[in-house]
Amino acid sequence: MANAGGSGGTTDATANSSGSMPLHKPKMKSVLVQFTLDVRVDAQVTQRVRGGRTGKAVRERTLARPVVIRMPEPMVRRLLMTEGARFQDPDNRLGLAPPPPP
């Protein structure tokens, strides 16, 4: 058996060629954001061969599970301050809600 990638044999060669990405450190703090996603697909199909009919369809769907993405914290703060009716921080994790009255 040939030693393909150094000292570890063929398993090291397989691991080294797997295409792993280099680690990039974030430049600012980030937070996880959870939201529901509504998708709208608007399709139009034209039958070019016979020069005739065009078919159209529209489908709207809300994904069954919430979507979670990582976003920069300053962007999330801005969304909460400008779009407060649509975005919420119910546990006040970013500390933007006024303190409760005494």
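All values derive from a computational prediction rather than experimental measurement.

### Let's talk about the overall build of the protein
Across its full length, the protein carries two helices and four strands. Secondary structure elements of the protein occur, N-terminal to C-terminal, as α-β-β-β-β-α. Classification of the 102 residues of the protein by burial places 9% in the buried group. Contacts in the protein between residues at least 24 apart in sequence constitute 44% of all its contacts with a sequence separation of at least 6. When the accessible area of the protein is evaluated, it comes to approximately 9,600 Å², of which 55% is carbon and sulfur surface.

### Describing the pattern of salt bridges
Should the charged atoms of two oppositely charged side chains come close, the side chains can pair. The full count for this structure, using the stated rule, is five salt bridges. As a salt-bridge pair, Glu73 and Lys29 come within 3.7 Å of each other at their nearest N and O atoms. You can see Glu73 sitting in helix H2 (residues 73-82) and its partner Lys29 sitting in the loop between helix H1 (10-16) and strand E1 (30-35), a full 44 residues away along the chain. Members of the salt-bridge network, linked through shared partners, are Lys29, Glu73 and Arg77.

### Focus on the environment of Met75
Along the polypeptide, Met75 turns up in helix H2. Residues Met75 and Ser30 lie 45 residues apart in sequence; the distance between their C-alpha atoms is 9.0 Å.

### Quick word on the nonpolar core
Val31, Val33, Met71, Val76, Leu80 and Leu94 form the largest nonpolar core, which has six residues in total. Apart from residues no more than four positions distant in its own chain, Val31 is found in contact with Ile69, Arg70, Met71, Glu73, Val76 and Leu94.

### With respect to unusual backbone geometry
Backbone phi values are negative for most residues with the exception of glycine, while trans is the configuration of most peptide bonds. The residue Asn92 is not glycine, and still its phi comes out positive at about 50°. Among the secondary structure elements, Asn92 is positioned in the segment after H2.

### Here's the deal with the environment of Val68
Of note, Val68 is situated in strand E4 (residues 67-72). Under the relative-accessibility criterion, Val68 is labelled partly exposed at 46%. Linking Val68 and Gln34, residues 34 residues apart in sequence, is a C-alpha distance of 4.4 Å. With residues near it in sequence (within four places) discarded, Val68 still touches Leu32, Val33 and Gln34.

### A short note on H2
Restricting attention to buried positions, one finds in H2 the residues Glu73, Val76 and Leu80. One side of H2 holds all its buried residues, which, seen down the axis, span an arc of 60°. Exposed residues on H2 whose side chains face more than 90 degrees from its buried face are Arg78, Met81 and Thr82. Lining the buried residues of H2 we find E1 and E4.

### With respect to the layout of surface pockets
Take a probe with the size of a water molecule and roll it over the atoms, and the empty space left behind shows itself. Its volume calculated, the largest pocket comes out at about 420 Å³. Considering the residues around the largest pocket, the lining is formed by 17 residues, among which Leu32, Val33, Gln34, Gln88 and Asp89 are closest to the centre. Elements supplying a minimum of two residues to the lining of the largest pocket: E1 and H2. For the lining of the largest pocket, a count of residues per class yields 11 nonpolar, two polar and four charged.

How each quantity is defined
- Residues numbered from 1 in each chain as written.
- Predicted model: local features only at pLDDT ≥ 70, side-chain atom pairs only at ≥ 80, totals over all residues.
- Heavy atoms only, no water.
- Helix = DSSP H or I, 4+ residues; strand = E, 2+ residues; numbered from the N terminus.
- Buried < 20%, exposed > 50% of the residue type's maximum accessible area, 1.4 Å probe, protein only.
- Contact = heavy atoms within 4.5 Å.
- Areas by Shrake-Rupley, 256 points an atom, 1.4 Å probe, with all protein chains shown as cover.
- Salt bridge = Lys/Arg side-chain N within 4 Å of Asp/Glu carboxyl O.
- Core = buried A, V, L, I, M, F, W, Y, C linked by side-chain atoms within 4.5 Å.
- Arc of directions from axis to C-beta.
- 1 Å grid on protein atoms, 1.4 Å probe; cavity = no way out; pocket = protein on both sides within 12 Å on 5 of 7 lines; lining within 4 Å.
- Points joined across faces, edges and corners; volume = space filled by probe spheres on them.
- Nonpolar A, V, L, I, M, F, W, Y, C, P; charged D, E, K, R; others polar.

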